[in-house]
Structure formats: structure tokens, C-alpha cells
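A closer look at the structure
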Amino acid sequence: MLQAVIVDDEIKALQSLTWELTNFSDEINVIASFTNPNEALSYLDKNTPDCLFLDIEMPTMDGFQFIRKLTNKNFPVVITTAYNQYALKAIKSQALDYLLKPIDTDDLEETIVKIKKFNSKNFSVEKLEKALLNYNSKSTHKRITLNTDGKLLFLESDEILYAESDGNYSTIFLTDGQKIVLTKKLKEVNELLPADSFFRIHNSYIINLNKIKEFLKTDGYVVLKSNHKIPVSRQKKSDFLDML
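Residues numbered from 1 in each chain as written. Predicted model: local features only at pLDDT ≥ 70, side-chain atom pairs only at ≥ 80, totals over all residues. Heavy atoms only, no water.

**Section: the sheet that holds strand β13 (residues 212-216)**
So the rule is basically this: Two strands are said to pair when DSSP picks up at least two bridges between them. Each helix corresponds to a stretch of at least 4 residues labelled H or I by DSSP, and each strand to a stretch of at least 2 residues labelled E; elements are numbered beginning at the N terminus. Interaxial angles span 0 to 180 degrees and are taken between N-to-C directions of axes, which are lines fitted to C-alpha atoms, for helices over the stretch in contact.
The three strands are arranged β13-β14-β15 in an open sheet whose pairing can be described as antiparallel. Of all strands in the sheet, those with a lone pairing partner are β13 and β15 (229-231), marking the two edges. Between one strand and the next, the sheet's axes are offset by a mean angle of 25°, whatever the strand orientation. Inspection of the sheet shows β13 paired to strand β14 (residues 221-224) by four bridges, in the antiparallel sense. Of the residues in β14, the one forming a bridge with Ile 212 is Leu 224.

**A few points about the sheet that holds strand β2 (residues 28-34)**
Note the threshold: By the convention used here, residues are in contact when the closest approach between their heavy atoms is within 4.5 Å.
Across the sheet, five strands lie side by side as β2-β1-β3-β4-β5; this open sheet has parallel pairing. The open sheet has two edge strands with one neighbour each: β2 and β5 (97-100). Ignoring strand direction, the axes of neighbouring strands in this sheet form an average angle of 25°. Strand direction decides the pairing type here: strand β1 (residues 2-7) and strand β3 (residues 51-55), joined by four bridges, are parallel. Directly across from Ala 4, in β3, lies its bridge partner Cys 51. Strand contacts of helix α1 (residues 11-24): β1, β2, β3 and β4 (77-81), with the helix running at about 165° to β2, the strand carrying the most contacts.

**Examining the UniProt feature "modified residue: 4-aspartylphosphate" (unreviewed entry) in the protein**
Here is the rule we go by: UniProt positions are given in the numbering used here, feature names are shortened, and annotations may be inferred rather than shown by experiment.
Here the UniProt-annotated "modified residue: 4-aspartylphosphate" (unreviewed entry) positions come out as Asp 55. Position of Asp 55 among the secondary structure elements: in strand β3. Those residues in contact with Asp 55, other than ones at most four positions away along the chain, are Val 7, Asp 8, Asp 9, Gly 63, Thr 80, Thr 81 and Lys 101.

**Focus on α1**
Under the convention used in this document: Working rule for helices: expected span equals 1.5 Å times residues minus one. Accessibility here uses a 1.4 Å probe with only protein chains present; expressed as a share of the type maximum, an area under 20% marks a residue as buried, one over 50% as exposed, and anything in between as partly exposed. Within this analysis, the arc is defined by the directions that extend from the helix axis to the C-beta atoms.
Helix length check: α1 (14 residues) gives 20 Å between terminal C-alpha atoms against 20 Å at 1.5 Å per residue, within 8%. Ala 13, Leu 14, Leu 17, Glu 20 and Leu 21 are the residues of α1 that are buried. One side of α1 carries all its buried residues, which in axial view fall inside an arc of 125°. Turned more than 90 degrees away from the buried face of α1, the exposed residues are Lys 12 and Trp 19.

**Concerning the environment of Ser 204**
With respect to the secondary-structure elements, Ser 204 resides in the loop between β11 (198-202) and β12 (205-208). The exposure class assigned to Ser 204 is partly exposed, which follows from its relative accessible area of 26%. Placed 27 residues apart in sequence, Ser 204 and Pro 231 show a C-alpha to C-alpha distance of 9.1 Å. Not counting the four nearest positions on each side in its chain, Ser 204 is found in contact with Ala 163, Glu 164, Ser 165 and Leu 186.

What follows is the structure, given as C-alpha cells:
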């Protein structure tokens, strides 16, 4: 069922549209309605409905100002108004649809079809990503989640050898020879990795403790099972030995 929010400063118009939507179809449910646009903005900042029905003519803030102030725009907006001169402006504001009051049943039916199509297209982009992240966070065997090149990668700790800093970027080196470049600083990458098996051994390196083959104390290097030599900074040496 589609979850809808309505914003209209006229209480009678708001009640009328609520009645229209809830009685028109069992596929749509009004979860919140507002006559105060600022209260609506606050609600939408924390909640993402399937669609928003928004009046244009409001005294404190018109609908186009409202759209510009939205911080969360991951849902379609349907413009509702009694004045048809706003149609073109509504389209330019990237509204999904435009309904003229009093709302015609056939027009409303077409709008609901458009909303359903919009949400089916956007499901894989927003909701699936959230579902995958949520699933992984609750997994008993939690994997490491990396967001790169428009896709999510789920890795086991054992697949990672080390990570190297490159300014505002970081490169993760895998056991199979692959390299993953992230638009994250090494500090941010460190926060993604399990503290019990990864250690930031140097300002520029994080290593997988389970992949260490040798520690060259005199030279101040660790050698990984892949034969990569990684420097150990003086400041990290004591903490590193404690971890071992």
C-alpha cells in the first residue's frame, strides 16, 4: 500500500483530499497531513513517504518554496491547486503530476498509476541498498560493506590484506590481487574495519593482523603472507606489539 502525506493550509481541502484518497482505492493510505508547511518540512526531514500531495497557494510558504526547502527528496511530489496557471511551473519544479481542484477521479487514478511506476523504478536505487545494509548489519557473521563505483561490495575480513592512504582516497588490496579505490580517507576506512583483526600500523596503512607473516623489528616492517612489506611507524610500534 502506498503511504501518502498531504500538505494544504485549508483544513477543508485537506480533509476532502484525504477522503478522496482513502475512499478511492485500497492501495493508498494517508499517514500524515499538515496545514502548517514548517511542521510538514520537519516531518519529511525524518520520514520518507511514497508520495507527497502538496498545495501551491499557502500564505506563509507557497508550494514551490516548500519544494526548494525539502532536504529529503526521495519521493514523488504531486501538486494540487485550484489555479491551473501553475501547471507549467509545477512541471518545471519536477513535480511528478499536477491535480486541479476539485480533483477528478479519473485524474487521480492516473496519478496513482504514475506514483506506483515511480516507486517501482526507484526501489532498486534507494530501498534495496538500505535493505542490503540493514541485512548485513544484523547478520551473525557480519561482512565488511564498501560503497564504490555505484555499487555495494560485501567482503569477508579474510579477503582483505591491507589498505593504503592516498590523500582523500584509499586503496584496499585484496588477497586475489584486486584493488578497490574508495573516496574515503584512511581514518574513515579504519572505522569500517573490525578492530579485532585490523590495525592502523602507520598513518598511511591499515593491515589485516591475520595476514602477517613476519615482523622485522630492526627494519620496522611487517611482511604479509602476500610478501608485501608495510612500514610500522614509531608511534604505533608499542600498540602494535600489544595487539600481537
